[in-house]
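# Structural description and commentary
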Amino acid sequence: MSETLTPKQKKPCTNCPPLVVPRREYTPTRPSCIDCVEKHLGAAYVLLTEAREGYAYRLRAVGHLFEAEDESQEWPELHAALREARNRYQAAEEMPDWKSLEGMLIEVRQTVRQASV
Ligand SMILES: [Zn+2]
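I will try to describe carefully the structure that is included in this document. This one's a predicted model, so the numbers in the text were calculated from it and none came from an experiment. (Residues numbered from 1 in each chain as written. Predicted model: local features only at pLDDT ≥ 70, side-chain atom pairs only at ≥ 80, totals over all residues.)

### Remarks on the packing of helix α4 (residues 76-92) against helix α5 (residues 98-116)
Orientation of α4 relative to α5, taken along the N-to-C sense of each, is 155°, at an axis distance of 10 Å. In this view, α4 runs roughly antiparallel relative to α5, as classed from their interaxial angle. As for the relative orientation of α4 and α5, their crossing is left-handed in sense. On α5, the residues that touch Glu 77, Leu 78, Ala 81 and Ala 85 of α4 are Leu 101, Met 104, Leu 105 and Val 108. Of the residues contributing to the contact of α4 with α5, the split by class is 7 nonpolar, no polar and 1 charged. (Axes fitted to C-alpha atoms, helices over the stretch in contact; angles between N-to-C directions. Helix = DSSP H or I, 4+ residues; strand = E, 2+ residues; numbered from the N terminus. Parallel < 35°, antiparallel > 145°, perpendicular 65-115°, else oblique. Left-handed = near helix turned anticlockwise from the far one by under 90°. Contact = placed C-beta atoms within 7 Å. Nonpolar A, V, L, I, M, F, W, Y, C, P; charged D, E, K, R; others polar.)

Structure representation (structure tokens):
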């Protein structure tokens, strides 16, 4: 079990924006990046839909949901939805609403694309 929980050396995403956007009194720990949100959500999806058993999978799924939450702080609606999805899963192993999260991701991706044009 300890082996599966050892974090791998992470390569930083080359698409992550360099700027950490301060939000009121709370400054995010890292820049928001829609690509990373999608990556972590995808990893959580794989873990949760393959219906694997065991605490290690639960921890990894929760970890990925948290990373997605952490990387989406620039987009309050998506951030809140990811946070709620993680809390519900942690409280009652409730499946995240993948369809609605997907819709929000597509929306954010469009705004990010428009902003970078
Ligand atoms: Zn990134």
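Having put the structure on the table, let's press on.
### Focus: the environment of Leu 78
On the secondary structure map, Leu 78 appears in helix α4. By the C-beta count within 10 Å, which is 24 here, Leu 78 ends up buried. For the pair Leu 78 and Glu 107, spaced 29 residues apart in sequence, the C-alpha to C-alpha distance is 9.4 Å. (Buried ≥ 20, exposed ≤ 12 C-beta atoms within 10 Å, placed from the backbone.)

### Notes on the packing of helix α3 (residues 55-70) against α4
Helix packing for two helices is described by the angle between their axes and how far apart those axes are. Packing of α3 against α4 brings their axes to within 8 Å, and their N-to-C directions diverge by 165°. Viewed along their axes, α3 and α4 adopt a mutual orientation that is roughly antiparallel. Along this stretch, α3 crosses α4, giving a crossing that reads as left-handed. Together, Ala 61, Val 62, Leu 65, Phe 66, Ala 68 and Glu 69 of α3 and His 79, Leu 82, Arg 83, Ala 85, Arg 86, Tyr 89 and Gln 90 of α4 make up the contact between the two elements. For the contact of α3 with α4, a count of residues per class yields 8 nonpolar, 2 polar and 3 charged.

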